[in-house]
Amino acid sequence: MSKKTFNSALRIFIALMLILSIFSGTASAAAGLKITLVDQTPYPAQPGQQIRFWIQAENIGDGTLNNVTVQVVSDGVFSASSSESSKTYDNIYAGTKVYHEYVMYVASDAPDGPRDLTVRYKSNNSSNWIEEKFTVNIGGIVDTDNRGTLIIESVTSSPEVFMPGDEGIIWVTLKNNATNQTISTSNKSVYMTNARIQSADLYSKDNIIVKSEAVNDLGIIAPGDNISIPFRVSIPENTTDGTYLLTLNVTGSSYEYNIKRNVEIKVDSSGIKAIQSKAASMSASGKTMEIDIVNYHQGSVRGVSIVPVAEGMSFYPTEYFIGEMKPDDLYTAKFNISQGVGDSVVEFKAVYYNGDNYHEDSVELDVGPVIKQSSGIGTYIIYLIVILLIAAVVGHFYLKKKRDMSLIDWLKIQKGNAQEKWAARKNKKQKNE
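Residues numbered from 1 in each chain as written. Predicted model: local features only at pLDDT ≥ 70, side-chain atom pairs only at ≥ 80, totals over all residues. Heavy atoms only, no water.

J.: What should I look at first to understand the overall build of the chain in this one?
T.: The secondary structure content of the chain amounts to four helices and 27 strands. Counting only residues that meet the buried cut, the chain has 36% of its 433 residues in that class. The long-range share in the chain, meaning contacts at least 24 apart out of those at least 6 apart in sequence, stands at 64%. Split by element, the accessible area of the chain, about 25200 Å² in all, is 52% carbon and sulfur. (Helix = DSSP H or I, 4+ residues; strand = E, 2+ residues; numbered from the N terminus. Buried < 20%, exposed > 50% of the residue type's maximum accessible area, 1.4 Å probe, protein only. Contact = heavy atoms within 4.5 Å. Areas by Shrake-Rupley, 256 points an atom, 1.4 Å probe, with all protein chains shown as cover.)

J.: I keep staring at the nonpolar core and nothing clicks. Help me out?
T.: Taken as a class, soluble globular proteins show a tendency for nonpolar side chains to be buried jointly. Core analysis: the largest hydrophobic core is formed by 30 residues, its most contacted members being I35, F53, I55, V70 and F78. Elements represented by at least two residues in this core include exactly β1 (33-41), β2 (50-59), β3 (65-72), β5 (86-92), β6 (97-106), β7 (113-122) and β8 (130-138). Excluding residues that lie within four positions of it along the chain, F53 makes contacts with L37, D39, Q40, F78, H100, E101, Y102, M104, L117 and V136. By size, the runner-up hydrophobic cluster in this structure holds 24 residues, among which are F162, L202, V210 and F231. (Core = buried A, V, L, I, M, F, W, Y, C linked by side-chain atoms within 4.5 Å.)

J.: Explain the pairing of β6 to me, please; I cannot follow it from the model alone.
T.: Consecutive side chains of a regular strand alternate in pointing toward one face of the sheet and then the other. Bridge count for β2 against β6 is nine bridges, and the pairing is antiparallel. Bridged to E58 within β6 is K97. Pairing of strand β4 (residues 78-79) with β6 involves two bridges; the strand directions are antiparallel. Bridging across to β6, F78 finds its partner in V106. (Pairing = 2+ DSSP bridges.)

J.: Hey, could you run me through the environment of F78 in this one?
T.: Its location among the elements puts F78 in strand β4. Put simply, F78 and R115 are 37 residues apart on the chain and 9.4 Å apart in space, counted from C-alpha to C-alpha. Each residue touching F78, except ones within four places of it in the same chain, is listed here: F53, V73, M104, Y105, V106, R115, D116, L117, V136 and I138.

J.: Looking at this model, I keep getting lost on the side chain of T69. Mind explaining?
T.: Relative to the helices and strands, T69 is located in strand β3. In terms of polar contacts, T69 uses its side chain to reach the side chain of T88, at 3.0 Å. (Polar contact = N/O pair within 3.5 Å; in protein donor to acceptor, adjacent residues only side chain to side chain.)

J.: I would appreciate a short explanation of the pattern of salt bridges in the present structure.
T.: Between side chains of opposite charge, a pair can form when the charged atoms approach closely. The final tally for this structure, using the stated rule, is eight salt bridges. Notably, a salt bridge pairs R52 with E101, separated by 3.3 Å at the nearest N-O pair. Note that R52 is positioned in strand β2 and E101 in strand β6, a separation of 49 residues in sequence. A relative accessible area of 32% places R52 in the partly exposed class. (Salt bridge = Lys/Arg side-chain N within 4 Å of Asp/Glu carboxyl O.)

J.: Would you explain the sheet that holds β2 in this entry?
T.: Hydrogen bonds between backbone atoms are what pair the strands of a sheet, whose relative direction is either parallel or antiparallel. Reading across from one edge, β1-β2-β6-β4 is the order of the four strands in this open sheet, with antiparallel pairing throughout. Pairing within the sheet leaves two strands with one partner each, and these edge strands are β1 and β4.

J.: Just checking my understanding: could you explain the packing of aromatic side chains for this structure?
T.: Centre distance and the angle of the planes are the two values used to describe a pair of aromatic rings. Counted according to the given criterion, the structure contains five aromatic pairs. Ring pairing ties together the aromatic residues Y320, F335 and F348, which thus form one cluster. Of note, R120 hangs over the ring of W129, and the distance from its end group to the ring centre comes to 4.2 Å. (Phe/Tyr/Trp six-rings, centres within 6.5 Å; stacked < 30°, edge-to-face > 60°. Lys NZ or Arg CZ within 6 Å of the ring centre and 35° of its normal.)

J.: Help me out: how do you make sense of the sheet that holds strand β10 (residues 167-176) in this one?
T.: Here four strands make up an open sheet; going across it, the order is β9-β10-β16-β14 and the pairing antiparallel. One side of each edge strand has no neighbouring strand; the edge strands of this open sheet are β9 (150-158) and β14 (209-210). Looking at chain direction, β10 and strand β16 (residues 226-234) are connected through nine bridges and run antiparallel. Looking across to β16, one finds that W171 is bridged to P230.

J.: Whenever I open this one, unusual backbone geometry confuses me. Can you help?
T.: Among all residues except glycine, the phi angle is most often negative; among peptide bonds, the trans geometry is most common. Between S158 and the following residue, P159, the backbone shows a cis peptide bond with an omega angle of 5 degrees. Inspection of the secondary structure puts P159 in the loop between β9 and β10. For the bond from Y316 to P317, the omega torsion is -5 degrees, close enough to zero to count as cis. Of note, the phi angle at D328 is positive, near 70 degrees, even though the residue is not glycine.

J.: Explain the pairing of strand β27 (residues 357-366) here, please?
T.: Where strand β26 (residues 345-354) meets β27, ten bridges bridge the pair, whose relative direction is antiparallel. If you follow K349 over to β27, its bridge partner there is S362.

J.: How should I be thinking about the environment of N124 in this particular structure?
T.: Tracing the backbone shows N124 in the loop between β7 and β8. Between the alpha carbons of N124 and V68 there is a distance of 6.7 Å; along the sequence they are 56 residues apart.

J.: Would you take a moment to explain the side chain of Q71 for this structure?
T.: Mapped onto the secondary structure, Q71 falls in strand β3. In terms of polar contacts, Q71 uses its side chain to reach the side chain of R120, at 2.7 Å. Ignoring anything within four residues of it in the chain, the contact list for Q71 reads S85, S86, T118, V119, R120 and W129.

J.: I keep staring at the environment of T288 and nothing clicks. Help me out?
T.: Summarising the element assignment, T288 is placed in strand β21 (residues 286-295). With 48 residues separating them in the primary sequence, T288 and N336 have C-alpha atoms 4.5 Å apart. Residues in contact with T288, not counting those within four places in the same chain, are A280, S281, K334, F335 and N336. For T288, the side chain forms a polar contact with the side chain of N336, separated by 2.9 Å.

J.: For this particular structure, what's the right way to read the confidence of the model for the chain?
T.: It should be kept in mind that the predicted coordinates are not to be read in detail where pLDDT is low. Overall, the predicted model of the chain reaches an average pLDDT of 80, with 75% of residues at or above 70. A low-confidence stretch, residues 18-30 stays under pLDDT 50, and its non-local contacts, those more than four residues away or across chains, total 16 contacts. (pLDDT = per-residue confidence, 0-100.)

So this is what it looks like as structure tokens:
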């Protein structure tokens, strides 16, 4: 290899190393970090006015991110002071989210329409920034031909009350509250009263996870009609009991027809509980036990079934099915327990569904000793033997006292008498023949 060729190869190698180092620094700055624009107020943005952005930073990696800085970038349309444009987090742990509100100003001469908002971030003391761009709409009137009035008619969820670890659907029903097909203004202009829905979005600033993306271009709703929009949500296992507020954003036909409302959901970890209502009663075949089944959950649950479990015992019925239980409903289940050996503790499992989510609660109750099951015929035979023995003893002492003979001697006499009678009947029969 010539010296000239070697020098050329060396320069190419050094250039490649520099490029790789740049990309390596960029990757380290962004490793595991996800940036989301979750809210803006007002929507759409208005020229010459203040606008507030809620930006979420989520660590989707496996390790902790340190010294994370998230910054909104000023340009010719959006501007912010240095104190309001940047936020630094000492640590963002794996799987966690952090939020910050950034205040910016829209230029008074900003043209209507969609514009890019630039958000950049870096982490782990890196000097390299990573940029993300989000679309922000500017301008008040989007659709001047439709002036129907949108209202939130109802918000329902399945399940109606969530448990930690549940997934479900929140249904938002929007209605066009207009009663006439057209509307006239003071200048005698006539407008249709259709209601246009440009987009609908549900998001959370808490630990609740909204898994559905924003829906766009939902079209026009005629006067008096409605539309239901589903949003899938997930409740993390570590969510504490309480009421949580999600935010619903609906973009209508214009700035004046937008909707922004809180959507309330409840999380309650209480479930189905089995309570021993009375002491178990003993019988010759085992024990009978009654337990009360109570729904402590704030919402209705379905498919409730109680299953007793204990080693060495048999139960009838083997499973007690209840079905749907509303809040504070109470049912009484009765079980016959037999063939008990060893431990006297019975586990009563309550299995049920909250929405489409399977749950299982259990409680252990001590039922005390349970005798082994015996057949009814065996019991009657034992009773008969005992009665015969008692009669024999009583007869023995009676004969001994009254006739000075034992029970055995009396039985022998009775046997002899019976044999004589039998022989006499036999002889008489032969003579007649």
